[in-house]
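Listed below, chain by chain, are the residues.
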Amino acid sequence: MHEATSVDLKALFGPEHGIRGKLDQPEISDGFDDKTGLPVFSLYGENRKPGPERLAGLDALVFDIQDIGCRFYTYISTMGLAMEAAADLGLQFFVLDRINPIGGEIVDGPVEIGERKFTSHHPIAIQHGMTVGELALMFRKELDLNLDLTIVPVVNWQRSERFDATGFTWVNPSPNMRSLEAAILYPGIGLPEFTQLSVGRGTETPFEHVAAPYIDPAKFVRSLDSLNLPGVKFASAGFTPSSSIFAGQACRGATFEITNRDLIRPIDIGLSIASILAHAHPDYDLENLSKLLVHPETLEAVRAGQSLEEIRLLWEEELTEFQTRRERFLLYR
């Protein structure tokens, strides 16, 4: 678009990891893009919704960012806030759609309950099974946005297909999302990352293993194996993260091998990990599970040691309702 003669590209707006998906820091400042020389306005700093002063003189906003199919991966929140800003000022909004890299068929997890925040912009399931274009259609309708919205669809994608079916090379959409396997696991393994647990940040394979200094790996793996969770194998693991929680400390835990992509339910894995650690280690801060879970009933059920079957019953009805809601916005079959 910068090189096109028919378009006057005026500014870039960067999400949590910057316009090139390479930054990993608490806040990002405004700046300039080395490649185009254009101003870059950060949407991961003091303001997460573009203000009128940043949008002055623009006709349209274009969203062209790869999501990974999880409610608390914040790019979709940035899209939703930018849509609201565009609606406020009467700007057009274009979504250059991308496939859901972990597939568009599996929909799982509780639908958020509570106040909207940056990791839970809209009441959708944790693993939502939608593309950003489909989500944009849902946001516009359910948030009642008076928005001129255009979705530029992808072609030749079937909902059952994951990213590797495209034949494209994986490009990290954020610094720690380094493989399709990590993306498939993320809706579950990402859940407990605000507790006292390393989810692999600061290692070569984030979200493909978890560990902490206090874990007995053999006992931990036995506890996970006893649940007979489908589509995944567990093995003892150890690593020393270079950053994030427990940086520089030797940690022990478990690694995950995906054996069946269609059967694996990563949210079950994440909730099981939190339950095992909470009941084996009284000082484990289970409360912080709620930061990304955003579902008080599930948190209390984990605290009470309820089974996965009992926990799933808590959100079965709302998950079915969400699947019905999403159906009208699906662009691909």
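Just so it is clear, the structure is predicted and the values come from calculations on it, not from any experiment. (Residues numbered from 1 in each chain as written. Predicted model: local features only at pLDDT ≥ 70, side-chain atom pairs only at ≥ 80, totals over all residues. Heavy atoms only, no water.)

### Things to note about the packing of aromatic side chains
(1) Moving on: Tallied over the full model, the rule gives nine aromatic pairs.
(2) Moving on: Where Phe-163 meets Trp-170, the ring centres are 5.3 Å apart and the plane angle is 85°; that geometry is what we call edge-to-face.
(3) Moving on: Judged by centre distance (5.9 Å) and plane angle (85°), the rings of Phe-234 and Phe-256 are edge-to-face. In this pair, Phe-234 is assigned in strand S10 (residues 232-239) and Phe-256 in strand S11 (residues 251-258), connecting sequence segments 22 residues apart.
(4) Moving on: Here the aromatic residues Phe-72, Tyr-73, Tyr-75, Tyr-186 and Phe-207 are joined through ring pairs into a cluster of three or more.
(5) Moving on: The side chain of Arg-48 reaches across the aromatic face of Phe-118, ending 4.4 Å from its centre. (Phe/Tyr/Trp six-rings, centres within 6.5 Å; stacked < 30°, edge-to-face > 60°. Helix = DSSP H or I, 4+ residues; strand = E, 2+ residues; numbered from the N terminus. Lys NZ or Arg CZ within 6 Å of the ring centre and 35° of its normal.)

### Points about the sheet that holds S10
Note: strands within a sheet are paired through backbone hydrogen bonds, in either parallel or antiparallel orientation.
(1) Moving on: Ordered in space as S9-S11-S10, the three strands form an open sheet in which the pairing is antiparallel. Bordering the open sheet on either side are strand S9 (209-212) and S10, each of which pairs with just one other strand. Shown here is a sheet whose adjacent strand axes are inclined to one another by a mean of 20°, direction ignored.
(2) Moving on: Bridging between S9 and S11 involves four bridges; their strand directions are antiparallel. In the sheet register, Ala-212 faces S11, and the bridge partner there is Arg-252.
(3) Moving on: On the sheet, helix H4 (residues 180-189) packs against S9 and S11 and is oriented at approximately 120° with respect to S11. (Pairing = 2+ DSSP bridges. Axes fitted to C-alpha atoms, helices over the stretch in contact; angles between N-to-C directions. Contact = heavy atoms within 4.5 Å.)

### Brief notes about the pairing of S11
(1) Moving on: Direction of pairing for S10 relative to S11: antiparallel, over a ladder of eight bridges. Across the sheet, Phe-234 pairs through a bridge with Phe-256, a residue of S11.

### Here we look at the pattern of salt bridges
(1) Moving on: By the definition in use, this model includes 16 salt bridges.
(2) Moving on: Residue Asp-108 pairs with Arg-312 through a salt bridge whose shortest N-O separation is 2.7 Å. Residue Asp-108 is found in strand S6 (residues 108-111), and its partner Arg-312 is found in helix H9 (residues 308-327); the two are separated by 204 residues along the sequence.
(3) Moving on: Assessed through its relative accessible area of 3%, Asp-108 is described here as buried.
(4) Moving on: Arg-312 gets classed as partly exposed once you look at its relative accessible area, which sits at 24%.
(5) Moving on: Ionic contacts of the salt-bridge type, sharing partners, join the residues Asp-108, Asp-268 and Arg-312 into one network. (Salt bridge = Lys/Arg side-chain N within 4 Å of Asp/Glu carboxyl O. Buried < 20%, exposed > 50% of the residue type's maximum accessible area, 1.4 Å probe, protein only.)

### Structural notes on helix H5 (residues 217-225)
(1) Moving on: Listed in full, the buried residues belonging to H5 are Pro-217, Phe-220, Val-221 and Leu-224. Seen along its axis, H5 keeps its buried residues to an arc of 95°; they face one direction. (Arc of directions from axis to C-beta.)

### Examining unusual backbone geometry
(1) Moving on: Although it is not a glycine, Asn-156 sits at a positive phi angle of roughly 65°.
(2) Moving on: You can see Asn-156 is positioned in the loop between strand S8 (148-152) and H4.
(3) Moving on: Residue Asn-228 is not a glycine yet carries a positive backbone phi of 50°.
(4) Moving on: For Asn-228, the location among the structural elements is in the loop between H5 and S10.
(5) Moving on: Judged by relative accessible area, Asn-228 falls into the exposed class, the value being 66%.

### Considering the packing of H5 against helix H6 (residues 266-280)
(1) Moving on: Contact pair H5 / H6: the axes reach a minimum separation of 10 Å and the direction vectors enclose 130°. The pairing of H5 with H6 is recorded here as oblique in orientation. With respect to the hand of their crossing, H5 and H6 are arranged in right-handed fashion. Contacts from Phe-220, Ser-223 and Leu-224 in H5 reach Ser-272, Ile-273, Ile-276 and Leu-277 in H6.
(2) Moving on: For the contact of H5 with H6, the residue count by class is five nonpolar, two polar and no charged. (Parallel < 35°, antiparallel > 145°, perpendicular 65-115°, else oblique. Left-handed = near helix turned anticlockwise from the far one by under 90°. Nonpolar A, V, L, I, M, F, W, Y, C, P; charged D, E, K, R; others polar.)

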